[in-house]
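So you can see what is in the structure, the chains are spelled out below.
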Amino acid sequence: MRCKTQFWWVFLGVLSVLSAVRAAPLPEVTPADFVVKNPAEEASDVVFVAVDVNVDESEYGHAEWVYHYRVLLRSDRGVERFSKVELPYRRGVSIQDVKVRTIKPDGGVQQLRPNEIFDREVLRTQDVRQRVKSFAPVGLEPGVIVDYRYREVRDSTSFLFSYSFQRSDPVRYSRYRLKPLSLPGTYFMARSFRAPDLNLKRGQDTFYNFELRDLPPLRVEPFQPPTIQTQPSVVLYFTSSTVETEPALFWKSSSRALHELAQARGKVTKEMRMLAESLVSPSDTIQEKLIKLHDYCRLNLINTESERGASASKPKSKGPTNPSAAEILKSRQGNGDELAVALLGLARSINLDARLARTNDRTFIFFQAAMAEPFVFKDLVVGVKEGDTWTFCDPGAEYLPAGMLDWRHTGTSVLVGDPAQALHVPMPVMVSKETTRNVKGTFTLGEDGVLEGEVVVTRTGYSAAAGKRQYADASAQTRSDMIAAEVKRFLPGAEVSKAVIRNAEDARLPLELTFHLRVPDYAERTGNRLFFQPSVFRKGIRSPFPEEARLSAIVFPYLYQEIDEVIIHLPKGFVVESPHAPAGLNFGAAGDYQVDLRYGEKAGLLVLKRSLTWDLFMAPAKSYPDVKKILDAVTTRDGHLLTLKRSASPEPERLGEVTAKSSTE
Amino acid sequence: MLGLSNLPKWCGKIILVVSCLAGVSLVAAKERIPEWLVPFLKTSGNSEEGSEALVLTRNSLIQLAANGKMTTRQRYAVRIDKPDGRKHAKGNVFYLEKSSQVKSFKAWIISNDGSAVAVPKESISDAAVYSNALELYGEHRSRAVSAVTRVNVGDVFAYEAMIEDQGTLGEFTWSFQEALPVSHSSVSVELPKGWQLVDRSFDTAPSADHHSARLSSWTMRSLPARKSEPYSPLSFRAFPFVAIGLIPPDAPAPKSVRSSYSSWREISERFTLDYDSAARDTGSLSMRAATLIGEGRDENVVVAKLARFVQEVNYISIALDIANAGGMKPRPADQVLRCNYGDCKDKASLLRALLLSRGIKSYPLAVSSGNERKLHPEWTSPSQFNHCILAIAVGEDIQSDAIIQHPVLGRLLVFDPTDGYTPLGLLADNRLASHGLLLAGSDGGLVKLPEMPRENNRFVREVVGRLAQDGSIQATMTERFFGYSVASARREFSRRKQSDFKQLLSRWLQPTVSNAVVSQVNADDEFDEGKFALVATFSSPSYGRWMQDALLVFKPALLKNRGIPILDKGQRKAPFVMQAGAFIERSEILIPDLCELDDASRPVTIETPFATYHGEVLFQDGKVLFSRELILKAVEIPAENYPQVLQFFERVYQAEQSPVVLRRKKGI
């Protein structure tokens, strides 16, 4: 497809009386609408018989969105869900023509009266006015259909539309109609996801019309791909009519635009050069220089998008809307994108081959080259090339060191600025050894079943970053409470004390947690025996995949390693009955699981080392049974129990060499 | 936060405050420290060691004009003593949309060095306050300010607000304490000529200082934070407050003039009129009652059918004209019938009207529910109540623990039509205050509510299962509920789809029965008899664990003991009130033929003055028989004996963790 330039003449600012949006109305309710059609509906409290959304944005600054819902209430729970309906709206929007009726299976109809619709301001601040129109449909009981429609009139124009057809309840019919504004110099794009049969062309009535039928309830599964790519949806938006639509050309022009942006905003000044040179030394490697410049931006410039930064920043009154690197460095603050621009300027000022790049958020949408859409790559970062290797830095990410992007931007590609070509640089997921969670515990197990001891947790990589985000601004007491809550999730009766967290504010160092742990009734007791799980830190943790079947592919956030080291001093007078350890597992490219369990009868000591390396990033739905089997096997092995039996004679005092005895399970 | 309250509260006190104050910047405008604040800045120390913050002052001045207009000035200042105390640097004032107006609202931050800055308007929000999630419309609003991200340790956050009110409610309360320790707490009332006030001080609140004929105040100092411990007696959940009623010059005043009430009968006479008006039948009510009942029905059956019908009317609350006691007035019954929704007073009124159409009398009964607050009979105010139920005139042939005997009106069966999970004849709300206000015109007044015998609260669980050689189990579990426990069990089951309830049950089973799959769960609901049972079938591939192929280990107690409460382990100040109840379980697990019993815990019997427990495991006819019985008595245990309570439940818990050990029979 070649570049299109279309000439549209729209008489902006003409106020025209807009008649009601004309669309074929929904057919009248019939007895068949009350009948359950399939097991999914049978199991649901509510069935959406029809959802109809008509959007007319053809007049600039005046839009009408007409909603029509027809819902079959199948149970008391369904009735309660619809007993109160709230229609929120903000300044510049009005809700009009609210019509509500309740239709009974025998055909009886009850209408809501106008004075039964209430309007209330729910929130007012200096910038926000949020109101809500609310009503309670009359005559609701299980088995009725509630049918309501309303018009939303907006004094604004939208430039991006997205609509998801599926809901948490079954939907029999869903229609979305859109008539966008005719904007000179633009082209209106439409794309669908998981709905290949949708017609993406405008109809003769100038509306885009999308209809789907018999949609099952949305099923939320753990570790799903992005929502937009797992459920039927459409995205429509304006783009410049000069923008290429053919993917190869589109990406080439995108890279060029990024390059031009870098040229415009990353201009090197004398002050910048002096600053950069003061931060690095001539003997530093390129990597070392980049780290220093990155850390300067991250630590010395206020990130206005962070919680801390938002309160510390100065108000932006009359500054430029797209400040240059020099301006950002001078003001000492900026949003995430602006901090990247500042780093770009500093890097270029010492002659690093630095470019601006945009990341792809794979939790929103996975990049595919054929998908030539501007929303695929969004946030700015800086890429520095050394030979054939790229290093990407995001100074706007508070808790990530230089060279590490947020995990959402890994396992996909980065779009790099280039004057001459489309430059997509693959951004693989970080290897598992870069994200580790090492837990060490030294415990005493009492005859009464109480386990007590000291714990040290060390986290690196994304595990550390997540922890720092959680703990960084919390007080000592709050941190202690958070650790206790986290421990109690898998050890409900546990008592946590003396909790200390180190390096929560430092992106460069591992996160360290230490605490004292006491767990009453950790071991189960009979008259002569104690049963306990040596893998203390895995107790109570279930497999993440309890369901037998799955619909969507599996996408894990990142690869990681877990290393547990547990030392347990066993109670005197007890011996391990038939000591044995679970066998390790090798999952090939997906990783492995190893257990090393040693027991010293004379010393009354048990030493466990357990490690899990997870190297699987993605798997298709059909691989789910295999993935589930692996993780179930890990969970089963983690739950391995040992038996302590009361021995006939007292234990000798000497410590001896610990030995291992393992068996295959 | 200030707790000035001058309005009756109905139908729940859950407040959902919608506020959004993110992302605003503070313009550091230098200000003079308000003069009223200066003396309090000198307050040193904190009455409660370890407290995050100290309220330096919280006070309210109510000025009444001759025409009844009320102007309230609220002042509040809190000092941040610890980093976690920063979250207390906020404030809000409540008002009513139609009748009140916030005339001014200003806040400041005073730093350690004595400098003051004003909190800018961007940090102030105004939001609707919802009394419950099913409120369709209400008039309560809140004006709020937050400086949580701005203050540092040592700073003082303060605010002052002026509110004007034009309503006719002539009474309000002032609570001296709050969630933080308070250095100074006071309320003052300034009256115009000819007006009087009547005040009552409760729970160690002081008497008034009458500075003049027109100005009175009540002050307390150095108050600890208001904390109530769970399971504590009413007297330990009471905190000092003063109730103030206004009396206009021409009392008794017409409805349009702000005034308080001098007697319970006066309140009854006043509001009975509203209920009588709401019960007027335009024909639809008697027609519906006739449809529901038919002809020639036994009166007891009539009452039961109509009661059940109204229980199934949907709950929605609409609170209008609150400032003029609109919160006490029901909507017309025929309107409630048409809409098939209403709040507690609407449903009581609807049932009343339906019963009346069949010649059966009943009377609205205002009660206090949820907080289990102590009712103060000497303080005649409808604001002591927050819920409405019904007292139905019944004959001698009806026997129920929910009947009260009225000297004039006879036998009255107390029933709550808002509670859809409890049948006629029972009252499931064990948090009702002791008395209610019967609205029966000149025959109305305070009545003592019936006390439900708590010993009826019983739960019985039976499990029958088969443990296979590979450690898997197939089992059926039946849980039966009696007494108070029925309503909550019914509610728990009804609020979830079957699939969701199965998942919930799987999660409950998980700690003992890993990978449990619940294949079926059904309810056996004998609603009118007040009984409820759940029957669930489940299985698990890994219930029993083989240890080196020689021992098969499993836990006979499949589920947590429902009778064990969640208790704080710290020290306690208030006595512990044990709620009566009986929790009984019997399980029978058939073990594999190749196994025999090797080891099991010995029987455990624990007896204390407040509870007893007995648990044992027997082996009989190839089955492991497990039984446990936990009986709790309704007693009050002194605080110093609380460790014994903890110890008792810990021992029970420990006893129930013991597994059963089977061994392979010799030769197999």
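Conventions and cut-offs
Residues numbered from 1 in each chain as written. Chains lettered and ligands numbered in written order. Predicted model: local features only at pLDDT ≥ 70, side-chain atom pairs only at ≥ 80, totals over all residues. Heavy atoms only, no water. Helix = DSSP H or I, 4+ residues; strand = E, 2+ residues; numbered from the N terminus. Buried < 20%, exposed > 50% of the residue type's maximum accessible area, 1.4 Å probe, protein only. Contact = heavy atoms within 4.5 Å. Areas by Shrake-Rupley, 256 points an atom, 1.4 Å probe, with all protein chains shown as cover. Lys, Arg positive; Asp, Glu negative; His and termini not counted. Charge placed at Lys NZ, Arg CZ, Asp CG, Glu CD. Domains from an automatic or database assignment. Buried area = accessible area lost by both parts, 1.4 Å probe. Salt bridge = Lys/Arg side-chain N within 4 Å of Asp/Glu carboxyl O. Polar contact = N/O pair within 3.5 Å; in protein donor to acceptor, adjacent residues only side chain to side chain. Nonpolar A, V, L, I, M, F, W, Y, C, P; charged D, E, K, R; others polar. Core = buried A, V, L, I, M, F, W, Y, C linked by side-chain atoms within 4.5 Å. Pairing = 2+ DSSP bridges. Expected span 1.5 Å × (residues − 1). Arc of directions from axis to C-beta. Axes fitted to C-alpha atoms, helices over the stretch in contact; angles between N-to-C directions. Parallel < 35°, antiparallel > 145°, perpendicular 65-115°, else oblique. Left-handed = near helix turned anticlockwise from the far one by under 90°. Phe/Tyr/Trp six-rings, centres within 6.5 Å; stacked < 30°, edge-to-face > 60°. Lys NZ or Arg CZ within 6 Å of the ring centre and 35° of its normal.

### Re the overall build of chain A
Here is step 1 of the chain: Helices and strands together make up the secondary structure of chain A, namely 11 helices and 35 strands.
Here is step 2 of the chain: Taken over the C-alpha atoms alone, chain A extends approximately 100 × 80 × 45 Å along its principal axes.
Here is step 3 of the chain: Out of the 665 residues belonging to chain A, those deemed buried represent 52%.
Here is step 4 of the chain: Once local pairs closer than 6 in sequence are excluded, the contacts in chain A between residues at least 24 apart make up 75%.
Here is step 5 of the chain: Element-wise, carbon and sulfur atoms account for 52% of the exposed surface of chain A, whose accessible area totals about 31000 Å².
Here is step 6 of the chain: In chain A, 88 side chains carry a positive charge and 83 a negative one; their mean positions are 3 Å apart.

### Overview of the domain arrangement of chain B
Residue and element names in this part refer to chain B.
Here is step 1 of the chain: Its domain assignment divides chain B into domain 1 (16–247), domain 2 (264–452) and domain 3 (455–664).
Here is step 2 of the chain: Between the C-alpha centres of domain 2 and domain 3 the distance comes to 39 Å.
Here is step 3 of the chain: Taken together, the contact pairs 14 residues of domain 2 with 10 residues of domain 3.
Here is step 4 of the chain: Each partner contributes to the roughly 950 Å² buried at the junction of domain 2 and domain 3, and carbon and sulfur atoms together form 63% of this total.
Here is step 5 of the chain: For the interface between domain 2 and domain 3, the tally reads 0 salt bridges.
Here is step 6 of the chain: Across the contact surface, domain 2 and domain 3 share 1 residue pair in polar contact (both at pLDDT 80 or more).
Here is step 7 of the chain: Partitioning the side of domain 2 that touches domain 3 into residue classes produces 6 nonpolar, 4 polar and 4 charged.

### Some points on the pattern of salt bridges
Here is step 1 of the chain: Tallying each qualifying case throughout the model produces 80 salt bridges over all chains.
Here is step 2 of the chain: For the salt bridge of Arg508(A) with Asp506(A), the shortest nitrogen-to-oxygen distance reads 3.1 Å.
Here is step 3 of the chain: Relative accessible area serves as the criterion here: at 48%, Arg508(A) is assigned to the partly exposed category.
Here is step 4 of the chain: The residue Arg529(A) makes a salt bridge to Asp599(B) at a minimum N-O spacing of 3.7 Å. Within this pair, whereas Arg529(A) is found in strand β26 (residues 529–532), its partner Asp599(B) is found in strand β35 (residues 595–599), the two belonging to separate chains.
Here is step 5 of the chain: What emerges from the salt-bridge pattern is a single network uniting Arg461(B), Glu479(B), Glu492(B), Arg562(B), Glu585(B), Arg628(B) and Glu656(B).

### Here's the deal with the domain arrangement of chain A
Residues and elements named next belong to chain A.
Here is step 1 of the chain: Structurally, chain A comprises domain 1 (32–240), domain 2 (247–428) and domain 3 (433–660).
Here is step 2 of the chain: Spacing between the C-alpha centres of domain 1 and domain 3 amounts to 47 Å.
Here is step 3 of the chain: Residue-level contacts link 6 residues of domain 1 with 11 residues of domain 3.
Here is step 4 of the chain: Counting each side, the surface lost to burial between domain 1 and domain 3 is near 740 Å², with a carbon and sulfur contribution of 59%.
Here is step 5 of the chain: Area buried by domain 1 at its contact with domain 3 is led by Arg 219, Glu 221 and Phe 223, which between them contribute 67% of it.
Here is step 6 of the chain: Summed over the shared surface of domain 1 and domain 3, the number is 7 residue pairs in polar contact (both at pLDDT 80 or more).
Here is step 7 of the chain: Of the residues contributing to the side of domain 1 that touches domain 3, the split by class is 3 nonpolar, 1 polar and 2 charged.

### What about the nonpolar core?
Here is step 1 of the chain: Membership of the largest hydrophobic core comes to 62 residues, with the highest contact counts inside it found for Leu350(B), Leu351(B), Leu365(B), Ile392(B) and Leu438(B).
Here is step 2 of the chain: With 7 residues, helix α6 (residues 344–357) of chain B is the single largest residue contributor to this core.
Here is step 3 of the chain: Beyond its immediate sequence surroundings of up to four residues, Leu350(B) is in contact with Leu285(B), Val310(B), Val313(B), Ala333(B), Val336(B) and Leu337(B).
Here is step 4 of the chain: In terms of nonpolar packing, the next biggest core, distinct from the first, is built from 58 residues, Tyr522(A), Ile554(A), Val595(A) and Leu642(A) among them.

### Topic: the environment of Thr359(A)
Residue and element names in this part refer to chain A.
Here is step 1 of the chain: If you trace the backbone, Thr 359 turns up in strand β16 (residues 354–359).
Here is step 2 of the chain: Separated by 94 residues in the primary sequence, Thr 359 and Gly 453 have C-alpha atoms spaced 44 Å apart.
Here is step 3 of the chain: In this structure Thr 359 touches Val 376, Phe 377, Lys 378, Asp 379, Val 381, Leu 405 and His 409, once residues within four positions along its chain are discounted.

### With respect to the pairing of β16(A)
All names here are of chain A.
Here is step 1 of the chain: Counting buried positions along β16 yields 5 of 6 residues, so the element is predominantly enclosed.
Here is step 2 of the chain: Where β16 and strand β19 (residues 412–416) come together, 3 bridges link them in antiparallel fashion. Bridging from a neighbouring strand, Ala 357 pairs with Val 416 of β19.

### Some points on helix α10 (residues 476–490) of chain A
Each turn of an α-helix holds 3.6 residues, which means side chains three or four residues apart point in the same direction.
Residues and elements named next belong to chain A.
Here is step 1 of the chain: Over its 15 residues, α10 runs 22 Å from end to end, which matches the ideal 21 Å to within 8%, given 1.5 Å per residue.
Here is step 2 of the chain: Those residues of α10 not exposed but buried are Arg 479, Ser 480, Ile 483, Ala 484, Val 487 and Phe 490. One side of α10 holds all its buried residues, which, seen down the axis, span an arc of 135°.
Here is step 3 of the chain: Contacts made by the buried residues of α10 are with α9 (461–471), β23 (495–502) and β24 (511–519).

### Focus: the interface of chain B and chain A
Here is step 1 of the chain: Of the residues lining the interface, 58 residues belong to chain B; the matching set on chain A comes to 57 residues.
Here is step 2 of the chain: With both sides pooled, the region where chain B packs onto chain A buries about 4700 Å², and carbon together with sulfur makes up 49% of that total.
Here is step 3 of the chain: On the chain B side of the interface with chain A, the three residues burying the most area are Leu136(B), Arg338(B) and Gln548(B), jointly 15% of the side's total.
Here is step 4 of the chain: The interface formed by chain B and chain A holds 9 salt bridges in total.
Here is step 5 of the chain: At the junction of chain B and chain A, the tally comes to 27 residue pairs in polar contact (both at pLDDT 80 or more).

### Concerning the packing of helix α3 (residues 284–293) of chain B against helix α4 (residues 299–311) of chain B
All names here are of chain B.
Here is step 1 of the chain: Contact pair α3 / α4: the axes reach a minimum separation of 10 Å and the direction vectors enclose 115°. Looking at the two axes, α3 sits roughly perpendicular to α4. With respect to the hand of their crossing, α3 and α4 are arranged in right-handed fashion. Of the residues in α4, those touching α3 at Arg 288, Ala 289, Leu 292 and Ile 293 are Val 302, Lys 305, Leu 306 and Phe 309.
Here is step 2 of the chain: Residues that form the contact of α3 with α4 fall into these classes: 6 nonpolar, no polar and 2 charged.

### Things to note about the sheet that holds strand β40 (residues 660–664) of chain B
Residue and element names in this part refer to chain B.
Here is step 1 of the chain: The 4 strands are arranged β31-β32-β40-β35 in an open sheet whose pairing can be described as antiparallel. Looking at the sheet topology across the chains shown, the edges are occupied by β31 (545–547) and β35. Going from strand to strand, the sheet's axes swing by 35° on average, the running direction of each strand aside.

### Thoughts on the packing of aromatic side chains
Geometry of an aromatic ring pair is reported as the spacing of the ring centres plus the angle between the planes.
Here is step 1 of the chain: The final tally for this structure, using the stated rule, is 51 aromatic pairs over all chains.
Here is step 2 of the chain: On the numbers, 5.4 Å between centres and 80° between planes, the contact of Tyr237(A) with Phe375(A) is edge-to-face. Here Tyr237(A), found in strand β13 (residues 233–240), pairs with Phe375(A), found in the loop between β16 and β17 (380–386); they are 138 residues apart in sequence, far enough to count as distant. The same class applies to Tyr237(A) and to Phe375(A), which are both buried.
Here is step 3 of the chain: The ring of Trp174(B) is capped by Arg58(B), whose NZ or CZ atom sits 4.8 Å from the centre of that ring.

### Describing unusual backbone geometry
Here is step 1 of the chain: One non-glycine residue, Arg332(A), lies in the positive phi region at around 60°.
Here is step 2 of the chain: Relative to the helices and strands, Arg332(A) resides in the loop between α7 (325–331) and β15 (333–334).
Here is step 3 of the chain: On the basis of relative accessible area, Arg332(A) is assigned to the partly exposed category, the value being 39%.
Here is step 4 of the chain: One non-glycine residue, Asp203(B), lies in positive phi territory at about 55°.
Here is step 5 of the chain: When you line up the elements, Asp203(B) lands in the loop between β14 (196–202) and β15 (209–210).

### Some words on the sheet that holds strand β10 (residues 171–179) of chain A
Residue and element names in this part refer to chain A.
Here is step 1 of the chain: Spatial strand order, β5-β4-β8-β2-β1-β10-β12: 7 strands in an open sheet with mixed pairing. In this open sheet, the two strands that pair with only one neighbour each are β5 (109–111) and β12 (208–215). The sheet shows a mean angle of 10° between the axes of neighbouring strands, direction not considered.
Here is step 2 of the chain: Here 9 bridges tie strand β4 (residues 93–103) to strand β8 (residues 145–154), and the two strands are oriented antiparallel to one another. Paired with Ser 94 across the bridge in β8 is Val 153.

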